[in-house]
Amino acid sequence: MTDQRPLLEVTDLVKHYAVRGGVLRRRVGTVHAVDGVSFSVARGETLGLVGESGCGKSTVARSVLRLVEPSSGAIKLNGTDITGLSKAEMRPHRRSMQIVFQDPFASLNPRMTAGDIVGEPLSVHGLATGRAQQERVAELFAQVGLRPDQMKNYPHQFSGGQRQRICIARALSLGPSLIVCDEPVSALDVSIQAQVINLLIDLQRKNDFSYLFIAHDLAVVAHISHRVAVMYLGRIVEIADKTELFANPRHPYTQALLASVPVADPKAKRLAPMVDGDVPSPINPPSGCAFHTRCRYVMDRCKVERPALVEAGEGHQVACWLNDGTGRPE
Amino acid sequence: MSEARKDDTILEVKNLQTVFFTNSGLFRAVDNVSFSVRRGETLAIVGESGCGKSVTALSVMRLVPDPPGRVVGGTVTLEGTDLLSLEEAEMRQIRGNRISMIFQEPMTSLNPVMRIGDQITEVLRLHQEMTSKEAWTKAVEMLRLVRIPEPDRRAQEYPHQLSGGMRQRAMIAMALACRPALLIADEPTTALDVTIQAQILALIVDLQKRLGTGLILITHDLGVVAQTAQRVIVMYAGKKVEEATVEDLFENPKHPYTRGLMASMPAVISFGAKTDARLNEIPGMVPSLTNLPPGCAFAPRCRLAIDRCRAEYPPLQEVDVNHLAACWRATELVGAP
């Protein structure tokens, strides 16, 4: 981390989707998928993004890669704002950012051999062809723990964990500086999950790239991340250094989230749900703080005014009105 | 096992064998599995995908799709009745009445074009003599029991109008409507968010205590097991490899596979842990059931495997009081970390 400039800088990212209805397909509502999210990722750093389904974490990931067009906001990669770039202008930047998806069954073309899948980005960007490409692919296979002789096999001949390794090899092929991982281990069994997490950590140590790591499993995020951001209904409610966040969560939602994870120790205290009810709909999010409908420390102010994400400690930001906007120490 | 325990046994499964006939050959999805569940007890069945935990549940329910699958051996005794010898019509009298099941994805188990209230009413009227009015009142009462807010209104609604957590509550209401002796929950919270999962697990445990239902909880999540079960079975490649009380299992796991599973789980609170600490992984992958090694199925991935493990399958033996494990080296490991 010699370069002080962050690798990725996201400012006020907003993504709204129109809800259309009636015969004229008129706009009848708006899904506030992402509602003003800002964060940065340093070189060689892993930022974990956690939250429950529908909180907008995947939309953030896809917006960063411009796989969905953000409604507003700025995304700077290596200091260049990539939000307004055309497809052609985008192309050189695509080399430096890659993605690994959740489902390794859906994200590999079943009619291509594993070797061709991993080699395709090299052809697309004109980096290597023929013999040179084969050699590079073999190298990538070895890096992710696959045998080079498996290059001629098709995706169906691999297990789930191995397929995820192919996806990782493909993401690595262009030497990216940022890899977005969208729930990369959620579809895998526990014993295989550990293998893939270890692989991701090892590769980062070797190549010094950054991860934007999205997952709903707090344990996985806690393990792999350096910093963690917690999202709720399209907004970041808390962001801090990993150890700080898990040792000293300040937002009542983060606290509820941590308390809800079942601990693998029969002697630990039994599950006591910290929050009641369901996540409200992002079509009509609650006024003020979006969490106020489920928060047990709710005050009048929370219902009308939206708390901003402010500094509550060193490198620890929280969006909560409690204790003059510093959240609730546990 | 003591005499007192035997008395409240509601389900006794002995040497269950379920096989599937496929193009790539016959495979034993459940191979010689025995266990029992007592009244008010929670038995967790843990294992990774393909280990046979779900097929075990389906075999007990007699819901294994035939073809390609078939229960070829063993007995399943529920409250004194051997379920495997019943006619399908007799089995239908038991399913949903004495034994019910809830699944992972509530949306696929609920009928999308029937109101929630009607779906619960259907179960009640099928098994108990009730007028439709009585059944509807009972259905609303069940929805209240599973803590669905405004149960009168929700009973009139269709599944798509409910959230994921609420649908799973409705499923539980339906499963418990006839006060079954045994409830089987197959990954009941896997599709739910963690805050909702905590709500649903607390609800299941609370209701089970109140109604005295026996519960078989099938899951891959050791955290869920630790927080809900009294006894645990660990399955690997169709076989039961370990069984113990939940305290014994977590304190002193005997089978290397169980130990591996526990070590490979990342823990949430890792004070002072190095950010990039490696997890203990289990090398390799789960073997294909059509091509199992002759000895212990876990041997190719096991750090402790000796020649005997690769040649001979280890029998389940009592390695400690009420603690069974199928490993040649389990007794050597007593007391080891």
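The numbers attached to residues start from 1 for each chain and follow its sequence in the written order. Chains carry letters and ligands carry numbers; both start at the beginning, A for chains and 1 for ligands, and go up in the order they are written. With pLDDT at 70 or above as the cut-off, local features in this predicted model cover only qualifying residues; side-chain atom pairs require 80 or more to be listed or tallied, and sums for whole chains, interfaces and linings still use all residues. The basis for the side-chain values is all heavy atoms of the structure; hydrogens and waters are excluded.

In the annotation of an unreviewed UniProt entry, chain B is listed under the name ABC transporter ATP-binding protein and assigned to Bradyrhizobium australiense. UniProt positions are given in the numbering used here, feature names are shortened, and annotations may be inferred rather than shown by experiment. In its Subcellular location (unreviewed entry) section, the UniProt record describing chain B reads: "Cell inner membrane". What the UniProt record of chain B gives under Sequence similarities (unreviewed entry) is the line "Belongs to the ABC transporter superfamily."

Per an unreviewed UniProt entry, chain A goes by the name Dipeptide ABC transporter ATP-binding protein and belongs to Bradyrhizobium australiense. Its UniProt record gives chain A the following Subcellular location (unreviewed entry) comment, quoted word for word: "Cell inner membrane".

Colleague: What's the story with the interface of chain B and chain A in this structure? I'm lost.
Modeller: Where interface size is given, it is often the accessible area lost as the parts come together that is meant. Between chain B and chain A, the residue contacts involve 48 residues of the former and 48 residues of the latter. As used here, buried area is the combined drop in accessible area, with a 1.4 Å probe, of two parts when they are placed together. Counting each side, the surface lost to burial between chain B and chain A is near 4,000 Å², with a carbon and sulfur contribution of 57%. By convention in these notes, a salt bridge is any Lys or Arg side-chain nitrogen within 4 Å of a carboxyl oxygen on Asp or Glu. Applying the counting rule to chain B against chain A returns 1 salt bridge. Pairing of N or O atoms within 3.5 Å defines a polar contact, subject to two protein rules: one partner must be a possible hydrogen donor and the other a possible acceptor, and residues neighboring in sequence count only if both atoms are side-chain atoms. In this assembly, chain B and chain A are joined by 15 residue pairs in polar contact (both at pLDDT 80 or more). Element by element, the count of residues in the side of chain B that touches chain A is highest for helix H9 (residues 194-211) of chain B, at 8 residues. Throughout this entry, Asp, Glu, Lys and Arg are counted as charged residues, while Ala, Val, Leu, Ile, Met, Phe, Trp, Tyr, Cys and Pro are counted as nonpolar. The remaining residues, Gly among them, count as polar. When grouped by side-chain class, the residues that make up the side of chain B that touches chain A number 23 nonpolar, 15 polar and 10 charged. Contacts were defined at the residue level, with two residues in contact if any of their heavy atoms lie within 4.5 Å. Counting from the N terminus, the helices are DSSP H or I runs at least four residues long and the strands are E runs at least two residues long.

Colleague: How should the nonpolar core be read in this particular structure?
Modeller: The tendency in soluble globular proteins is for nonpolar side chains to be buried as a group. In this structure, A:Val144, A:Ile166, A:Ile168, A:Leu172, A:Ile179, A:Leu203 and A:Phe213 are the most contacted members of the largest nonpolar core, which totals 65 residues. No other element matches the 8 residues that helix H6 (residues 190-207) of chain A contributes to this core. One finds B:Leu162, B:Met166, B:Ala170 and B:Ile196 within the second-largest nonpolar core, a separate group that totals 39 residues. Among buried residues, the Ala, Val, Leu, Ile, Met, Phe, Trp, Tyr and Cys ones that are joined through side-chain atoms within 4.5 Å form a nonpolar core. Relative accessibility under 20% of the residue-type maximum defines a buried residue, over 50% an exposed one, and the middle range a partly exposed one, all with a 1.4 Å probe and only protein chains included.

Colleague: Can you help me understand the packing of aromatic side chains in this one?
Modeller: Each pair of aromatic rings is reported with the distance of its centres and the angle of its planes. Residue and element names in this part refer to chain B. Side-chain rings of Phe, Tyr and Trp (the six-membered ring for Trp) are treated as a pair once their centres are within 6.5 Å; stacked means planes under 30 degrees apart, edge-to-face means over 60, and tilted covers the remaining angles. For the structure on display, the rule yields 8 aromatic pairs over all chains. When the ring of Phe-20 is compared with that of Phe-27, the centres are 5.7 Å apart and the planes differ by 15°; the resulting orientation is stacked. Each ring, one from Tyr-236 and one from Tyr-257, has its centre 4.5 Å from the other, and the planes form 55°; the classification is tilted. Here Tyr-257 lies in helix H12 (residues 256-264) and Tyr-236 lies in strand S9 (residues 231-236), a separation of 21 residues in the sequence.

Colleague: Explain unusual backbone geometry to me, please; I cannot follow it from the model alone.
Modeller: Negative phi values dominate among residues other than glycine, just as trans dominates among peptide bonds. For the bond from B:Asp66 to B:Pro67, the omega torsion is -10°, close enough to zero to count as cis. Mapped onto the elements of the fold, B:Pro67 is located in the loop between helix H2 (53-61) and strand S4 (69-78). Looking along the chain, the bond that leaves B:Pro67 and enters B:Pro68 is cis, with omega of 5°. By the element assignment, B:Pro68 lies in the loop between H2 and S4. One non-glycine residue, A:Arg66, lies in positive phi territory at about 55°. Position of A:Arg66 among the secondary structure elements: in the loop between helix H1 (57-64) and strand S4 (72-77).

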